[in-house]
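Topology and contacts: notes
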Amino acid sequence: MVRIGILVSGGGTNLQAIIDSRLFGEIPNSEIAAVISSNPDAYALTRAKSAGIDSFVVDREIFPNEGSFNEAIIKKLHDLDIELVVLAGFPHVLDKAIVEKYKNRIINIHPSLLPSFACGKAKELIPHEMAIKEGVKISGATAYFVTEKLNSGPIILQKAVEVSQDDTAITLQSKVMREAEWSILPRAIALYCIGALEVSGEKVKIIGEIQ
Ligand code: GRF
């Protein structure tokens, strides 16, 4: 059973997608052991509570710098015996110590087809603003294993979304969440939990029957 720790900070729609997917039996061999929020007011905490999942706050505001905040996160993950870390709308950069300790065990979702628009943090609109500015006809989302390089790492799954002429960064954000993020993030977690992900260098191979 894979013990999953989900890091959140905001509304928790991605968290909800994972919870629902698990309830539908789509993420076998898994347990959501904890939800950890960097924001004490995150609605994601209410979602965790409603689903009966233990939740914890590691409040970014009370730490003097990113280093001490990262130390508190890694301690929490260690104490909770987390195997797989999922960033679900978590707008903080994880440092070298966490990324090395959980190598190929931290999954993030980014709202663009990486490596395009690999900028901005999770909660920001920047990737969508860039997509609109560049006039791309297709955008989407990417689930990948976190490395030290921001928004870059072995890609697990991607899903494309059409950009219409009338889209704004806001409407595109909502479309990408609904049509891509909420499906590929739970799916990437499921593939990890059934042992179907093989990382070789910079690439992820999906092995076994489910592809
Ligand atoms: C959205 O901006 C999405 O693109 C990014 O996180 C935000 C969603 O947050 N990955 P949440 O899951 O509703 O907290």
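Coordinates for the structure precede this section.
Thresholds applied
- Residues numbered from 1 in each chain as written.
- Predicted model: local features only at pLDDT ≥ 70, side-chain atom pairs only at ≥ 80, totals over all residues.
- Heavy atoms only, no water.
- Near = heavy atom within 4 Å.
- Polar contact = N/O pair within 3.5 Å; in protein donor to acceptor, adjacent residues only side chain to side chain.
- Areas by Shrake-Rupley, 256 points an atom, 1.4 Å probe, with all protein chains shown as cover.
- Helix = DSSP H or I, 4+ residues; strand = E, 2+ residues; numbered from the N terminus.
- Nonpolar A, V, L, I, M, F, W, Y, C, P; charged D, E, K, R; others polar.
- Buried < 20%, exposed > 50% of the residue type's maximum accessible area, 1.4 Å probe, protein only.
- Contact = heavy atoms within 4.5 Å.
- Axes fitted to C-alpha atoms, helices over the stretch in contact; angles between N-to-C directions.
- Parallel < 35°, antiparallel > 145°, perpendicular 65-115°, else oblique.
- Left-handed = near helix turned anticlockwise from the far one by under 90°.
- Arc of directions from axis to C-beta.
- Salt bridge = Lys/Arg side-chain N within 4 Å of Asp/Glu carboxyl O.

**Observations concerning the site of the ligand**
- Contacts to the ligand come from 13 residues, most closely from Gly12, Thr13, Asn14, Gln173 and Glu181.
- Take Gly12: an N or O atom from its main chain is 2.7 Å from an oxygen atom of the ligand.
- A distance of 2.9 Å separates an oxygen atom of the ligand from a polar atom in the side chain of Gln173.
- Relative to its free-state accessible area of 370 Å², the ligand is covered by the protein chains to the extent of 97%.
- Per-element accounting of the shell around the ligand gives the leading share, 3 residues, to helix α6 (residues 169–193).
- Grouping the constituent residues of the shell around the ligand by class yields 4 nonpolar, 7 polar and 2 charged.

**Regarding the side chain of Ser9**
- Along the chain, the position of Ser9 falls in the loop between β1 (2–8) and α1 (13–23).
- Judged by relative accessible area, which is 11%, Ser9 ranks as buried.
- Excluding its chain neighbours within four sequence positions, the residues that come into contact with Ser9 are Ser37, Ser38, Asn39, Ala42, Gly89, Phe90, Pro91 and His92.

**Some words on the packing of α1 against helix α2 (residues 43–50)**
- Closest axis-to-axis distance for the α1/α2 pair is 9 Å, and the angle between their directions is 15°. Between α1 and α2, the angle is such that the two are roughly parallel. The two elements α1 and α2 meet at a crossing, and its hand is right-handed. Within the contact between the two elements, α1 uses Thr13, Leu15, Gln16 and Ile19 and α2 uses Ala44, Arg47 and Ala48.
- In the contact of α1 with α2, the residues fall into 4 nonpolar, 2 polar and 1 charged.

**Quick notes on α2**
- Within the span of α2, buried status applies to Ala44, Leu45, Arg47 and Ala48. The arc that holds every buried residue of α2, seen down its axis, measures 160°, which confines them to one face. For α2, the exposed residues lying more than 90 degrees away from the buried face are Lys49 and Ser50.
- In this fold, the buried residues of α2 make contact with β1, α1, β2 (30–37) and β3 (55–57).
- The positive-phi residue at the C-terminal boundary of α2 is Gly52, with phi of around 75°.

**Observations concerning the packing of helix α5 (residues 126–134) against α6**
- Between α5 and α6, the least distance of the axes is 9 Å, while the angle of their chain directions is 115°. The handedness of the crossing between α5 and α6 is right-handed. Along its contact with α5, which presents His128, Glu129, Ala131 and Ile132, the element α6 presents Ala169, Leu172, Gln173 and Val176.
- Here the residues of the contact of α5 with α6 are counted per class, giving 5 nonpolar, 2 polar and 1 charged.

**Section: the pattern of salt bridges**
- In this structure the tally under the stated criterion is 5 salt bridges.
- One salt bridge connects Lys175 with Asp167, and the closest N-O pair in it is separated by 2.7 Å.

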